[in-house]
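One letter stands for each residue in the lines below.
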Amino acid sequence: MRVAVTGGGGFLGSHLCGALLRRGDEVVCLDDFSTGDPANVAAFLQNPAFELVRTDVSRSIDVRGTVDAVAHLASPASPPDYLRRPLETLAVGSRGTENALRLATRHEARFVLASTSEVYGDPEVHPQEETYWGHVNPIGPRSVYDEAKRFAEALTQAYRTHRDTNTGIVRIFNTYGPRMRPHDGRVVSSFVVQALAGEPLTVYGDGKQTRSFCYVDDLVRGILAMLDRDEPGPVNLGNPVELTVLKLAELVLDLTGSRAEVQFHPLPVDDPTRRRPVIARAAERLGWVPEVDIEEGLRRTVRWFAERPGGLTAALTAIRGGQQDGVAAAQPRLLGATPTAS
């Protein structure tokens, strides 16, 4: 199978490219590296089954030869990225998605959209299953990402209904693992970088908000399963084990052996308070469940970051002081004080 992967140079995209190559597929990686990293795919360049095309998929997609499947992962995905690049985020969710759909339609190829749990917004239903329509602020600071993905889902469904394109939608919950950028502002990478450097761990609000974290290898298995089937979705992909942000901080401190403090900062606007997927549909239709538990996944992630100390110092400047979500920090409160959410 020959698969075009948009955003193939990013954290998740590069892992997908690697998994496809390992199972014998050919891969065309499309990326402008605005948020991806060429180092993520450097090891693939000598593989004759791998082709790298540097392009902005929001402008056009030109793939020579046959295409059997398209995996559309291109998009800024961390808050600092989409807050810094709001128009580009909306463009890749709209024009970029349509360009990828047109490519799949021309080749009668399978199309899989990498959507997100952010389509559920700050959910009023917990846990979240695919029938839930979400609770999203359409003009809030996170809307450029949330609504770009919601539009991408609507567009994907329209192509399935009116163009007979073989489409599928996966809604990806928090994913972590090697190749995360140390400065990307996601909670796992930020905690690991801060703990390894002995810096205070930045916790927003009171730290009681919950997330569910899926190790990247598990997530990629789910995308592969979706590519190999005609399932339309949407299908949640994520780990249903829910834990608080404070618990995550404790796990990172324990695994790194760090004695760093925890500091509390104001909660960003529209930050979800609870997030956990129902994955019954993925288990039933894709035969998929996550296998790597949070302790083992974090252990692998910590090891990967610890082996690359050069990136930690530069990353600290970007994430120190509660700045990673683009929200100016108030005076931090140390663990043991009584934090209040803004």
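None of these values were measured; they are calculated from a predicted model.

Parameters at a glance
For every chain, the first residue of the written sequence is number 1, and numbering continues from 1 along that sequence. Local features in this predicted model are restricted to residues whose pLDDT is 70 or higher, and side-chain atom pairs enter the listing and the counts only when it is 80 or higher, whereas totals over whole chains, interfaces and linings include all residues. The side-chain numbers reported here are obtained from all heavy atoms of the structure, hydrogens and water having been left aside. Counting from the N terminus, the helices are the DSSP runs of H or I reaching at least four residues and the strands are the DSSP runs of E reaching at least two. The globule rule is 2.2 Å times the number of residues to the power 0.38, and the radius of gyration it is compared with is taken over C-alpha atoms. Exposed residues in this analysis have more than 50% of their type's maximum accessible area, buried residues have under 20%, and partly exposed residues fall in between, with area computed by a 1.4 Å probe over protein chains only. The contact criterion used is simple: two residues touch if any of their non-hydrogen atoms lie within 4.5 Å. Criterion used throughout: strands pair if DSSP finds at least two bridges between them. Each axis is a line fitted through C-alpha atoms, and for a helix only the stretch in contact is used; angles between axes span 0 to 180 degrees, taken between their N-to-C directions. Any pair of nitrogen or oxygen atoms within 3.5 Å is treated as a polar contact; in protein, a donor-acceptor pairing is required on top of that, and neighbouring residues in sequence qualify only through side-chain atoms on both sides. Stacked, tilted and edge-to-face are the three classes assigned to paired rings of Phe, Tyr and Trp, where Trp is represented by its six-membered ring and a pair needs centres within 6.5 Å; plane angles under 30 degrees give stacked, over 60 edge-to-face, the rest tilted. Whether a charge sits over a ring depends on NZ of Lys or CZ of Arg being within 6 Å of the ring centre and within 35 degrees of the ring normal. Here the nonpolar core consists of buried residues drawn from Ala, Val, Leu, Ile, Met, Phe, Trp, Tyr and Cys, with membership extended through side-chain atoms lying within 4.5 Å. Here the expected span of a helix is defined as 1.5 Å times the quantity of residues minus one.

**Q** Please clarify how the overall build of the protein should be interpreted in this entry.
**A** Looking only at helices and strands, one finds ten helices and 14 strands in the protein. In summary, the protein has a C-alpha radius of gyration of 19 Å against a globular reference of 20 Å for 342 residues, a match within 12%. In the protein, which comprises 342 residues, the proportion classed as buried is 56%. Taking the contacts inside the protein whose residues are at least 6 apart along the sequence as the reference set, 81% of them involve residues at least 24 apart.

**Q** Explain the sheet that holds strand S1 (residues 2-6) here, please?
**A** Strand pairing in a sheet takes place through backbone hydrogen bonds and is either antiparallel or parallel in direction. The strand order S3-S2-S1-S4-S5-S6-S11 describes an open sheet built from seven strands, whose pairing is parallel. Looking at strand neighbours, the two that pair on one side only are strand S3 (50-54) and strand S11 (235-237), the edges of this open sheet. Neighbour to neighbour, the strand axes of the sheet diverge by 20° on average, direction disregarded. Of the strands in this sheet, S1, strand S4 (69-72), strand S5 (110-116) and strand S6 (166-172) are in contact with helix H3 (residues 86-106), which crosses S4 at around 170°. Strands S4, S5, S6 and S11 of the sheet are contacted by helix H6 (residues 216-227), whose axis makes an angle of about 165° with S6.

**Q** Help me out: how do you make sense of the side chain of Asp 81 in this one?
**A** One can find Asp 81 in helix H2 (residues 79-84). We classify Asp 81 as buried; its relative accessible area is 4%. A distance of 2.9 Å separates a polar atom in the side chain of Asp 81 from a polar atom in the side chain of Arg 84. The contact partners of Asp 81, leaving out residues within four places of it in the chain, are Thr 35, Pro 76 and Arg 181.

**Q** Would you explain the pairing of strand S13 (residues 262-265) in this entry?
**A** Residues in a regular strand project their side chains so that they alternate between the two faces of the sheet. Burial along S13 is two-sided: the face carrying Val 262 and Phe 264 and the face carrying Gln 263 and His 265 are both buried. Summarising the sheet, strand S8 (residues 201-204) and S13 pair through four bridges and their orientation is parallel. Looking at S13, one finds that Val 203 is bridged to Phe 264.

**Q** Help me understand the packing of aromatic side chains, please; the structure alone is not making it clear to me.
**A** Pairs of aromatic rings are described using the distance from one ring centre to the other and the angle between the two planes. Tallied over the entire structure, the rule returns seven aromatic pairs. Geometrically, the ring pair formed by Tyr 176 and Tyr 215 is edge-to-face, given 5.6 Å between the ring centres and 65° between the ring planes. Of this pair, Tyr 176 sits in strand S7 (residues 175-176) while Tyr 215 sits in strand S10 (residues 214-215), placing them 39 residues apart in sequence. Like Tyr 215, Tyr 176 is buried. Taken together, the ring pairs connect Tyr 120, Tyr 132 and Phe 173 into an aromatic cluster. Here the basic side chain of Arg 163 rests over the ring of Tyr 159, its NZ or CZ set 5.0 Å away from the ring centre.

**Q** So what exactly am I meant to see when it comes to the nonpolar core here?
**A** Counting residues in each nonpolar core, the largest one holds 68 residues, and the members touching the most others are Leu 12, Leu 16 and Leu 237. Per-element tally for this core: the top contributor is H6, with eight residues. Apart from the residues within four sequence positions on either side, Leu 16 is in contact with Val 5, Ala 71, Leu 73, Val 220, Ile 223 and Leu 224. Core analysis: the second largest hydrophobic core is formed by 22 residues, Val 63, Ala 104, Leu 155 and Ile 169 among them.

**Q** What is the right way to read unusual backbone geometry from this model?
**A** Working note: non-glycine residues mostly have negative phi, and peptide bonds are mostly trans. Between His 126 and the following residue, Pro 127, the backbone shows a cis peptide bond with an omega angle of -10°. Relative to the elements of secondary structure, Pro 127 occurs in the loop between S5 and helix H4 (143-162). Here the phi dihedral of Phe 33 falls at roughly 60°; this positive angle occurs in a residue that is not glycine. By secondary structure assignment, the location of Phe 33 is in the loop between strand S2 (26-31) and S3. In this structure, Asp 164 is a non-glycine residue whose phi angle is positive, near 60°.

**Q** Explanation requested: helix H7 (residues 245-256) in the structure shown.
**A** For an α-helix, 3.6 residues make a turn, and residues three or four places apart therefore share a direction. When the terminal C-alpha atoms of H7 are compared, their 17 Å separation across twelve residues agrees well with the 16 Å that a helix rising 1.5 Å per residue should span. Among all positions in H7, only Val 245, Leu 248, Ala 249, Leu 251, Val 252 and Leu 253 are buried. Check the buried side of H7 and you find it contacts helix H5 (187-197), S8, strand S12 (242-244), S13 and helix H9 (294-306). One or two positions beyond H7, positive phi appears at Gly 257, with a value near 70°.

**Q** Help me understand the environment of Arg 150, please; the structure alone is not making it clear to me.
**A** The topology assignment puts Arg 150 in helix H4. Classification of Arg 150 by relative accessible area gives partly exposed; the value is 28%. Measuring from C-alpha to C-alpha, the distance between Arg 150 and Thr 89 comes to 12 Å, with 61 residues separating the pair along the chain. Once you skip the residues sitting within four places of it in the chain, Arg 150 turns out to touch Val 119, Trp 133, Gly 134 and Val 136. Side-chain polar atoms of Arg 150 contact the backbone oxygen of Trp 133, separated by 3.1 Å. Reaching out from Arg 150, the side chain makes a polar contact with the side chain of Glu 147 at a distance of 3.3 Å.

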